[in-house]
Amino acid sequence: MAGRASAPGAKGLALPHVPKILVYIIGFVPAVWLFYAGIMDQLGADPMRYLEQALGLWALRFLVATLAITPLRQLFNINLLRYRRAIGLLAFYYAALHLITYLVLDQGLDGAAIVADIVKRPYITIGMATFVILVPLAVTSNNAAIRRMGGQAWAKLHKLVYVAAIGAVLHYILVVKSWPLEPLIYAAIVAVLLGYRLFRSLVKKPSPRRRTA
């Protein structure tokens, strides 16, 4: 989910330097607005459902943005690596708010009803599994975890973000219980971003070693 900060000499399109704290502040604006609109009764006929789905959608958007950072750098020379950790954590925070809204406002912290929902409804099962995947990624999104685990093990763990992205898209499609355009667009974007990585891994060949005389 998170990436190491890019080195000062890293190649890429020169972009204005934005403090990471500003990324978090801007990132939480939609959540603040949604909760404010809910308090002011401006979320329509079913405010709880609207709030729950909107928070989940923002989690998916930030997850997609996280996956887009590497292709942007490799294909268009736009280097946003220093912000990947913040964007990835925003995806987790919105997923957590989405889950809390479901647990507290939707189910009223009724443990039996929650367990029954997880077992009975596939989209709840997939959503819960996706959140479980995101938890270790968020917990290890810091330099201390990288040093403790080692770069290679840390990188392998964070490849689970690909599984989380697939789970998030499936959860979204199943939640709407139909085939509107918006979930399919997100599914297509995730498929392209993951397909790009798969293609690069297949065509990337190690440089041949010189034979000793």
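Residues numbered from 1 in each chain as written. Predicted model: local features only at pLDDT ≥ 70, side-chain atom pairs only at ≥ 80, totals over all residues. Heavy atoms only, no water.

The name an unreviewed UniProt entry gives the chain is Protein-methionine-sulfoxide reductase heme-binding subunit MsrQ, with Microvirga arabica as the organism. UniProt, in the comment section headed Subunit (unreviewed entry), describes the chain in these words: "Heterodimer of a catalytic subunit (MsrP) and a heme-binding subunit (MsrQ)." Here the chain is described in UniProt, under the heading Sequence similarities (unreviewed entry), as follows: "Belongs to the MsrQ family." (UniProt positions renumbered as here; feature names shortened; annotations may be inferred.)

Caption draft 1: Quick peek at the UniProt feature "transmembrane region" (unreviewed entry) in the chain. Cross-referencing UniProt, the feature "transmembrane region" (unreviewed entry) maps to residues 21-39, 55-75, 87-105, 121-139, 160-179 and 185-203 in the present numbering. For residues 21-39, the end-to-end C-alpha separation is 26 Å, with 95% helix and 0% strand making up the annotated structure. (Helix = DSSP H or I, 4+ residues; strand = E, 2+ residues; numbered from the N terminus.)

Caption draft 2: View of the nonpolar core. Counting residues in each nonpolar core, the largest one holds 52 residues, and the members touching the most others are Leu60, Leu63 and Leu134. Those elements that provide at least two residues to this core are helix H1 (20-27), helix H2 (29-39), helix H3 (47-76), helix H4 (84-106), helix H6 (122-139), helix H9 (160-176) and helix H10 (181-203). With twelve residues, H3 is the largest single contributor of residues to this core. (Core = buried A, V, L, I, M, F, W, Y, C linked by side-chain atoms within 4.5 Å. Buried < 20%, exposed > 50% of the residue type's maximum accessible area, 1.4 Å probe, protein only.)

Caption draft 3: Focus on unusual backbone geometry. At Asp41, a position not held by glycine, the phi torsion is positive, near 60°. For Asp41, the position within the fold is in the loop between H2 and H3. Positive phi is not limited to glycine here, since Asn77 has a value of about 60°. Inspection of the secondary structure assignment puts Asn77 in the loop between H3 and H4.

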